[in-house]
Amino acid sequence: MLLAVIFRIPGAVLGASFPILISRENPKATRKSAFQIGLACSIGTAEVIVGGMLTAGSPFLHVIWVMVSLFAVFYAISCLNFSNPSLTVSAVLSLGIRTWDYPISAEERVERTLYTLLAILLACVISIIIETIFAKKNPPDAVLEGISRRLNLIQTLLSETSEAEFASSTLTIQLTRSATRGVDDLRELLTRSRYDEGFHDLLATVIALTRQLTELGSNLVESAPILSIEDQERCRAIARNLGLVRSSLTRLECPAWIDLPFASQPSNPILTEIERTITLIAQSFCGESFRIHWLLPTSASTPSISEFVVNALRDPEHMKFAVRGTLSAFLCYLFYMSTGWMGLAASSILTCTLTSRRLIGAGRHRQSLRFAGFLLGAGVIGWGTEVFILPQLNTIAEYAVLFASVVWIGSWVATSGPRIAFLGLQIVLSYNLVNLNRFTINTSLVPSRDTVLGVVLGIVAMWLVFDHLWAQTSSASVRSLFLGTLRNVANFKAVSAGSSRETNQLLTAESSKINRDFDKLRDLADFYAFESFPKKPHESLVNRSIQTLLPELRAFLLVKTGLLQQRSLAVGEVEEGLIQEVEERASSVLHRLANAIEGESPEQLSLWSMSAEELRAKVSIEEARSRDGNNLSKYTEMRLCASLLDMASDLERQARLNFMPETGVVKAIDNWSVGTIAET
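Every value quoted in this text rests on a predicted model; they were computed, and no experiment measured them.

Calculation rules
Residues numbered from 1 in each chain as written. Predicted model: local features only at pLDDT ≥ 70, side-chain atom pairs only at ≥ 80, totals over all residues. Heavy atoms only, no water. Helix = DSSP H or I, 4+ residues; strand = E, 2+ residues; numbered from the N terminus. Buried < 20%, exposed > 50% of the residue type's maximum accessible area, 1.4 Å probe, protein only. Contact = heavy atoms within 4.5 Å. Areas by Shrake-Rupley, 256 points an atom, 1.4 Å probe, with all protein chains shown as cover. Phe/Tyr/Trp six-rings, centres within 6.5 Å; stacked < 30°, edge-to-face > 60°. Axes fitted to C-alpha atoms, helices over the stretch in contact; angles between N-to-C directions. Parallel < 35°, antiparallel > 145°, perpendicular 65-115°, else oblique. Nonpolar A, V, L, I, M, F, W, Y, C, P; charged D, E, K, R; others polar. Patch = residues over 30% accessible without salt bridge, like charges linked within 9 Å, V, L, I, M, F, W, Y side chains within 5 Å. Salt bridge = Lys/Arg side-chain N within 4 Å of Asp/Glu carboxyl O. Core = buried A, V, L, I, M, F, W, Y, C linked by side-chain atoms within 4.5 Å. pLDDT = per-residue confidence, 0-100. Disulfide = S-S within 2.5 Å. Left-handed = near helix turned anticlockwise from the far one by under 90°.

This brings us to the overall build of the protein chain. Within the protein chain, the secondary structure is distributed over 27 helices and zero strands. Here the protein chain, with 680 residues, has 51% of them falling under the buried criterion. By sequence separation, contacts in the protein chain at least 24 residues apart represent 80% of the contacts at least 6 residues apart. Per element, the accessible surface of the protein chain, about 31,300 Å² overall, is 61% carbon and sulfur.

Looking now at the packing of aromatic side chains. All told, the structure shown has six aromatic pairs when counted by the stated rule. Ring plane angle 80 degrees and centroid distance 5.8 Å describe the contact between F321 and F466, whose orientation is recorded as edge-to-face. On the criterion of sequence distance, the pair formed by F321 in helix α14 (residues 316–339) and F466 in helix α19 (residues 446–466) is long-range, its members being 145 residues apart. Each member of the pair, F321 as well as F466, carries the same accessibility label: buried. Seen from their ring centres, F330 and Y333 are 5.9 Å apart, and the 25 degrees between their planes marks the pair as stacked. Note that F330 and Y333 are positioned in helix α14 at a spacing of three residues, about one turn of the helix.

Contact geometry for helix α17 (residues 396–414) and helix α18 (residues 421–435): axes closest at 5 Å, N-to-C directions at 155 degrees. Taken together, the axes of α17 and α18 are roughly antiparallel relative to one another. Across from Y399, L402, F403, V406, V407, G410, V413 and A414 in α17, the residues of α18 making contact are A421, L423, G424, L425, I427, V428, Y431, N432 and N435. A per-class count over the contact of α17 with α18 returns 13 nonpolar, four polar and no charged.

What follows covers unusual backbone geometry. For R8, which is not glycine, the phi torsion reads 50 degrees and is therefore positive. Its location among the elements puts R8 in the loop between α1 (2–6) and α2 (12–15).

Attention now moves to a nonpolar patch on the surface. Taken together, the side chains of L2, L3, I6, F7, V125, I126, I129, I130, I133, F134 and I396 present a nonpolar region at the surface, about 1,000 Å² in accessible area. Those elements that provide at least two residues to the nonpolar patch are α1 and α6 (106–134). With respect to the secondary-structure elements, I396 resides in helix α17.

We now examine the nonpolar core. Residues I147, L203, I274 and F556 are the most contacted members of the largest nonpolar core, which totals 90 residues. In terms of residue count, the dominant contributor to this core is helix α22 (residues 537–567) (twelve residues). Every residue in contact with F556, bar those within four places of it in the chain, is listed here: V489, A586, S587, L590, L644, M647, A648 and L651. C41, A91, L402 and V455 belong to the second-largest nonpolar core, a separate cluster that totals 44 residues.

Taken residue by residue, the protein chain gives an average pLDDT of 76. The fraction at 70 or more is 75%. With pLDDT under 50 throughout, residues 570–574 is counted as low confidence; its partners more than four residues away or in other chains account for three contacts. In the model, residues 662–680 has pLDDT below 50 throughout and makes 20 contacts with residues more than four positions away in sequence or in other chains.

We now examine the environment of A400. Secondary-structure assignment places A400 in helix α17. Residues A400 and M1 lie 399 residues apart in sequence; the distance between their C-alpha atoms is 8.0 Å. Setting aside its immediate chain neighbours within four residues, A400 contacts M1 and L2.

In this fold, R522 is placed in helix α21 (residues 500–528). Exposure remark for R522: the relative accessible area of 15% places this residue in the buried category.

What follows is about the pattern of salt bridges. Using the criterion set out here, one finds four salt bridges in the structure. The closest approach of N and O atoms between D450 and R449, which form a salt bridge, is 3.0 Å. Here R449 falls in the partly exposed class, since its relative accessible area comes to 38%.

Another aspect to go through is the state of the cysteines. According to the stated counting rule, one finds zero disulfides in the structure shown. Left without a disulfide partner, C352 is nearest to the cysteine sulfur of C332, which lies 3.8 Å away. A relative accessible area of 0% means that C352 is categorised as buried.

With that settled, the discussion passes to the packing of helix α16 (residues 360–389) against α18. Here α16 crosses α18 at 40 degrees, and the two axes come no closer than 7 Å. One way to sum up the angle between α16 and α18 is to call them oblique. Here α16 runs over α18; the crossing is right-handed. Residue composition of the contact of α16 with α18, grouped by class: 13 nonpolar, seven polar and three charged.

Written as structure tokens, this is what we have:
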């Protein structure tokens, strides 16, 4: 902003907004992201200049050029794996089309287009320099640091249960913020990390369990301000164990398996869930992937990511997406060109390019964030500063403080999590469109009005086209994906591949594939809330099941993977049969759950028979024998078997709770036993 204002460089709107899109994980990622954005914008600028000059003398050819340019933009958005470069080039083309529609000379059009590119390239270079300077302040491993920070909140909460004020107001606010924010920032860092596949999946499971733990801690503060003496002692014991887990995580060591010295269950059920979740986290960090990760070079196993989606030129869905996007943006173009309302040009076409998504729910999610961002950035902040603040400013230093404050607000929102990150970008972009589009104070409120109305025009065009032409909803695909994922986890077994190392590699590859399906399910469940109402009963059931069972399924897959890896080693015949029986019994729960959701009938979820309880007792006996005999390998197997059976029981219980709104409480009570109701 300072360079643009001091040297009067046009196009500062995009230059001052795009740094938010540049990656900040590490200097290398920043350089790569800035290079991709700079290259994409350079290609887009060349296309604007060449296309604009060749079609300047013919209105018909100019309209054809606009349509071809829009089609290329939407096709690139659909085909490119890197979203930020495709979004930035769409902004360059949108502003370029508006520039070449103004009745000005050709020299001035070329000059404005090149100045816009110069501002973007300056922003990329400055971002690289600043990120390099501040790189030393970043933690060495942001993912592990984020996990440890959240675990520390729960440890502090459990340690304060005996104090007069439980919990302190500061800790309550931190827990509420952490539970509301979730772990999307950690998932985003993990997605772009260079861990090997096994360690990547392990961290994905631990992140999901960490989110569940923070939510349980927040619920504990709200539901139980006063705990009994026995529960307070249990909380302190759990806090000590959690401290051991955090310290072991810092030292990259496997935490010791410590059982709490309490014979009875806690009176508060939330403490039971907290204790069980911490145990699962401790078990996760004892996995094989955690032990070998820091012994092997991670870059060797990192798969290369292609810039284009596989079979992009053969998939007709990309063509359909480009046609839908071109039609919606071209409707906006026809409206503001026919009415002569040029103030709608940039924001209307930008709305179509920035919010276009294949699924209806994903598109509406982005449209709502864009409208809210422009209402805040251009309406509230933009109008407010024009009326009350800008007339009082006399120097560029004062304006810089105001500009930095607005960008700080947008950047804070953009880094709060992927779900609302798009809102932060829109706040900054809309404010810059209003107050940074000229080198003087705007004395008119027309730019703010036109900016917001342009967004409304773009959203209306998207609703007319994307919601009716080849429309796709998340509910259409999430049901089949969820059922397939449940059955894949149930059928997940070891394949004989010669050595145990090769078998473990195959298990890791297959579990990575299933974990990617978990990520797809989480995204589809988020988009579900933005789709049409009223919801169908089976759609609500599937969405509730995904929201409640996904962390448990991740942990189930991780424990089952560890058990299968142990089986690939040399084991005795008796233990082999017992492990196989445990595996089949636990997997049968997932099969029955899939059948129940597919048939929309809770009768498929029958209670565990006495043979299942007998099997759990056998595992406990073998576990005690191996512990007394100091057989570490067998003890690990039996602990994994016990965890697998416990998680299968919890999955069945959670599934029954999900069916309750569909079947009614009376029918649920008829199907449940008294013991299960008491446990719930």
